[in-house]
Amino acid sequence: MLVVESGEPGEDDLDVEVEAGGEHSHGDKCLWPLNSHTEAKHRLYKRYISAWAPILLQEAWVHKVTYLEGFAGPGEYAAGQDGSPAYAIRSLLQHDRRDAMRLSRDRVTMIFLEKSAARCEHLKWRLEKEFGVLRDLPIKVEVEQGRAEQDTISALTRHDAWGEPILGIFDSFGSVRVPHSTISRIARNKASEVIVTFGPIWFSRRETINQSIFDEVFGSRKAWLRGGAPADADEGWRYWLSVYQKALLDAGFDYSLQFEILPVSGHPLYLVYGTKSVKGVLEFKNAMWNVDKDDGMRFNDPRTNAARQAQLEQMWPSLFDEDPDVAPTELRGFVLDLLEQGPASVAAIGDYLLTETARWRPKDAMWAAKQLLADGMVSRAPTGGQLTKQTVLSLAEQPATAGTPAEG
Ligand SMILES: C[S@@+](CC[C@H](N)C(=O)[O-])C[C@H]1O[C@@H](n2cnc3c(N)ncnc32)[C@H](O)[C@@H]1O
């Protein structure tokens, strides 16, 4: 049974979370149990924040960085596990490159916005319990009661964030109602990025949601209707995610990644990341690959739907995909997709994988190329010599299959 509960009934139409089997209900409660998709997401965020801060704080032009969470939560879960603000702060204070970052209150501001007064209070208490009095910390940590959709811009202004890098995390219970204008203001700021999460309920409740909210979130009605009619209920999330990914590009980001986080049990979570930095894209993907996935957690590319996967697996028995030395079906599929548009060098394939797919990186191009050549799926120019980044690949001529009518 699915239990859908409203955070504050009547007020936040979209502020809901779905839990399986009545696992928990948060409602007005201050704390709620940690679920598997949140835990999976935390592991990814920790990795990414640990990469983001030292990179920027060692840039000569950067004087300060601002990290803002729009939906901060109470700072911990019912069994005492960390909420995102606690590990975000720890990722900086306990970083092994802390000295190189030259942390100071002038150089790092972390803003945590939380709508509920009780959760806001709890968050302050939880952070001070671990880190001591916040105003004595070597970085500025601000916990503020506020609403992400209306208070993000003013908080960034008040804390003098503009003109320097900002990382904005908008991680609601599944409601994305941060206006496109807010995202766009961050996108247009130098070296700034956002991470926005969607819970599964977001996609299924769209029928009941006031369409003007979509207009605000996606930027315009045209922006969220651009892909034609949204797909049916089961596949609808792919539509909404890719439309939101495009909305981030409209907002001013140059790159946007979308993917599904699939924990070993429980519901998936959907995440879109926007940046102007190709290095940011690489770091984000590195964080995905470095997250401990021993428990079976996966990151999926929303564009590889079940039909596409089945089609690819017909080309290559899926048995091979279980071999860690063999490039996965999805990766080879993306390379073939690109080559369908014309020949491409291994380097160009690498660029495409980095910027156009959810998790593949430039180095995977060589891996895929070798196997597609070995399988006879592609040909190369020059035909001999070592395979290099300059080698150009083309789709191989496919032999007529049995059952193809003979000509003449
Ligand atoms: C999914 S929880 C955040 C969890 C937290 N980021 C973490 O990972 O530990 C969402 C939080 O956003 C708060 N919230 C809901 N609507 C909000 C809004 N419009 N602005 C700011 N906070 C909001 C809720 O009270 C809740 O504590």
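From a predicted model like this one, the values you see are computed outputs, not experimental measurements.

A. Up close: the site of the ligand. The environment of the ligand is made up of 22 residues, and the closest members are His42, Tyr77, Glu114, Arg119 and Glu149. For the ligand, a nitrogen atom lies 3.1 Å from a polar atom in the backbone of Phe71. At 2.9 Å, a side-chain N or O of Asp171 approaches a nitrogen atom of the ligand. Elements that contribute at least two residues to the shell around the ligand include exactly helix 1 (36-57) and helix 5 (148-158).

B. View of the pairing of strand 13 (residues 392-395). Pairing of strand 11 (residues 344-345) with strand 13 involves two bridges; the strand directions are antiparallel. Paired with Ser345 across the two strands is Val392, which belongs to strand 13. In this structure, strand 12 (residues 378-381) lies alongside strand 13, joined through four bridges in antiparallel fashion. By the bridge assignment, Arg380 is partnered in strand 13 with Leu393.

C. Representation of the sheet that holds strand 12 in the model. Reading across from one edge, 11-13-12 is the order of the three strands in this open sheet, with antiparallel pairing throughout. Pairing within the sheet leaves two strands with one partner each, and these edge strands are strand 11 and strand 12. Across the sheet, helix 14 (residues 329-340) lies against strand 11, strand 12 and strand 13, angled at about 85° from strand 13, the strand it touches most. Of the strands in this sheet, strand 12 and strand 13 touch helix 16 (residues 363-374), which is tilted by about 110° from strand 12.

D. Expanded view of the side chain of Asp171. With respect to the helices and strands, Asp171 occurs in the loop between strand 6 (166-170) and helix 6 (180-187). Among the polar contacts made by the side chain of Asp171, one reaches the side chain of Lys41 at a distance of 2.7 Å. Polar contacts involving the side chain of Asp171 include one to the side chain of Thr197, which spans 2.9 Å.

E. Representation of the pattern of salt bridges within the structure. For the structure shown, the criterion picks out 15 salt bridges. The salt bridge involving Glu130 is made with Arg126; its shortest N-O contact spans 3.0 Å. Separated by four residues within a single helix, Glu130 and Arg126 lie in helix 4 (residues 117-131), roughly one turn from each other. Judged by its relative accessible area of 30%, Glu130 is partly exposed. With a relative accessible area of 8%, Arg126 lands in the buried category.

F. The nonpolar core, seen in detail. With 51 residues, the main nonpolar core has Leu44 and Phe284 as its most contacted residues. Ranked by the residues each element gives to this core, the list is headed by helix 1, at nine residues. Once residues within four sequence positions are removed from consideration, Phe284 is found in contact with Leu44, Tyr48, Ile195, Leu257, Phe259, Leu271 and Tyr273. In terms of nonpolar packing, the next biggest core, distinct from the first, is built from 37 residues, Ile166, Ile209, Val243 and Ala251 among them.

The rules behind each value
- Residues numbered from 1 in each chain as written.
- Predicted model: local features only at pLDDT ≥ 70, side-chain atom pairs only at ≥ 80, totals over all residues.
- Heavy atoms only, no water.
- Near = heavy atom within 4 Å.
- Polar contact = N/O pair within 3.5 Å; in protein donor to acceptor, adjacent residues only side chain to side chain.
- Helix = DSSP H or I, 4+ residues; strand = E, 2+ residues; numbered from the N terminus.
- Pairing = 2+ DSSP bridges.
- Contact = heavy atoms within 4.5 Å.
- Axes fitted to C-alpha atoms, helices over the stretch in contact; angles between N-to-C directions.
- Salt bridge = Lys/Arg side-chain N within 4 Å of Asp/Glu carboxyl O.
- Buried < 20%, exposed > 50% of the residue type's maximum accessible area, 1.4 Å probe, protein only.
- Core = buried A, V, L, I, M, F, W, Y, C linked by side-chain atoms within 4.5 Å.

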